[in-house]
Amino acid sequence: MKFFLDSAKLDEINKAYEDWGIDGVTTNPKHIQASGKPFLTAISDIAAWIKEKGLEGVDRFPVSVELDPHLTEAEDMVNAARKISAMCENFVIKIPCLPGGVKAARILEKEGIRTNLTLVFSPSQAIWAGRAGCLFVSPFIGWKEDNGEDCRGYIQDIVDIYENYGWYGKTQIIAAAVRSPKQIVDCAVSGADIVTAGFAVYAQSIKHAYTTQGIGTFTDAWDNTAGN
Ligand code: E4P
């Protein structure tokens, strides 16, 4: 399973890459806002970091960059996507699952500009990403589970559909808006290719109360072992 960091904060991206070997980044307007930088500055800084790390290439470290959400017509999305894509070969264009978005994704993929169909909340929406040949599809988890829905089946359905039509692995499934270790596990059990989550969620997923307790127990034993 690949781990993408859901953030536009350069310090978090660098630490998650250096410490945990994350495989890519996803951003959205909320993450750009949280970075404290204007959109173009935030993504330019990420592009510069990629060069500094020698990670050039969309297959080596993909960075999903979301279009201006005011853009809903395909022509406007395509024009904006071309400009963003020209900034860095690692940039994957995040496009909302709207009628204009599906049309734009099809155009861009034919041009070799990789896309990530996002704000996906149903298997029927995910089918459009597979048909369009998007590099990624981003079915959201957290927003649905925050409203009482169980998402293990929903991701499993998308995986099953993608396997039925040969899209599995070609359009990679990024389980998005992942907010807990349990949701990471649910997505892994269901067969998502990738999860994207915030820095704190990954940190939490490494820890467990019993691990902490065990360290305490073993430390006591170590310190009270004759000769240590
Ligand atoms: C990633 O591609 C999504 O935009 C992100 O996971 C959305 O989740 P959030 O609401 O936690 O930002």
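Quick note: structure is the one above.
Residues numbered from 1 in each chain as written. Predicted model: local features only at pLDDT ≥ 70, side-chain atom pairs only at ≥ 80, totals over all residues. Heavy atoms only, no water.

**Some details on the site of the ligand**
Working step 1: Every residue lining the ligand is accounted for by D6, T26, N28, K30, H31, K94, F140, W143, A176, A177, R179 and T196.
Working step 2: Taking K30, its side chain carries an N or O atom lying 2.8 Å from an oxygen atom of the ligand.
Working step 3: Measuring from an oxygen atom of the ligand, one finds a side-chain N or O atom of R179 at 2.7 Å.
Working step 4: Protein chains bury 94% of the 340 Å² of accessible surface belonging to the ligand in isolation.
Working step 5: When atoms are counted within 2 Å of each cavity's grid points, the one that captures over half of the ligand is the largest pocket.
Working step 6: Those elements that place two or more of their residues in the shell around the ligand are α2 (29-35) and β7 (172-178).
Working step 7: Partitioned by chemical class, the residues of the shell around the ligand number four nonpolar, four polar and four charged. (Near = heavy atom within 4 Å. Polar contact = N/O pair within 3.5 Å; in protein donor to acceptor, adjacent residues only side chain to side chain. Areas by Shrake-Rupley, 256 points an atom, 1.4 Å probe, with all protein chains shown as cover. 1 Å grid on protein atoms, 1.4 Å probe; cavity = no way out; pocket = protein on both sides within 12 Å on 5 of 7 lines; lining within 4 Å. Sits in = over half its atoms within 2 Å of the grid points. Helix = DSSP H or I, 4+ residues; strand = E, 2+ residues; numbered from the N terminus. Nonpolar A, V, L, I, M, F, W, Y, C, P; charged D, E, K, R; others polar.)

**Some thoughts on the sheet that holds strand β3 (residues 63-66)**
Strand pairing in a sheet relies on backbone hydrogen bonds. The paired strands run either parallel or antiparallel.
Working step 1: What the eight strands build is a closed barrel, ordered β1-β2-β3-β4-β5-β6-β7-β8; its pairing is parallel. Each adjacent strand pair in this sheet contributes to an overall mean axis angle of 30 degrees, direction not counted.
Working step 2: Inspection of the sheet shows β3 paired to strand β4 (residues 91-96) by four bridges, in the parallel sense. Bridge assignment links V63 to a residue of β4, and that residue is F91.
Working step 3: On the sheet, helix α4 (residues 74-85) packs against β3 and β4 and is oriented at approximately 160 degrees with respect to β4. (Pairing = 2+ DSSP bridges. Axes fitted to C-alpha atoms, helices over the stretch in contact; angles between N-to-C directions. Contact = heavy atoms within 4.5 Å.)

**Some words on helix α9 (residues 181-190)**
Working step 1: Listing the buried residues of α9 in full gives Q183, I184, D186, C187 and S190. Along the long axis of α9, the arc covered by the buried residues comes to 165 degrees, so they all point the same way.
Working step 2: Contacts from the buried residues of α9 go to β1 (2-6), α7 (142-145), α8 (152-164), β7, β8 (194-197) and α10 (199-206). (Buried < 20%, exposed > 50% of the residue type's maximum accessible area, 1.4 Å probe, protein only. Arc of directions from axis to C-beta.)

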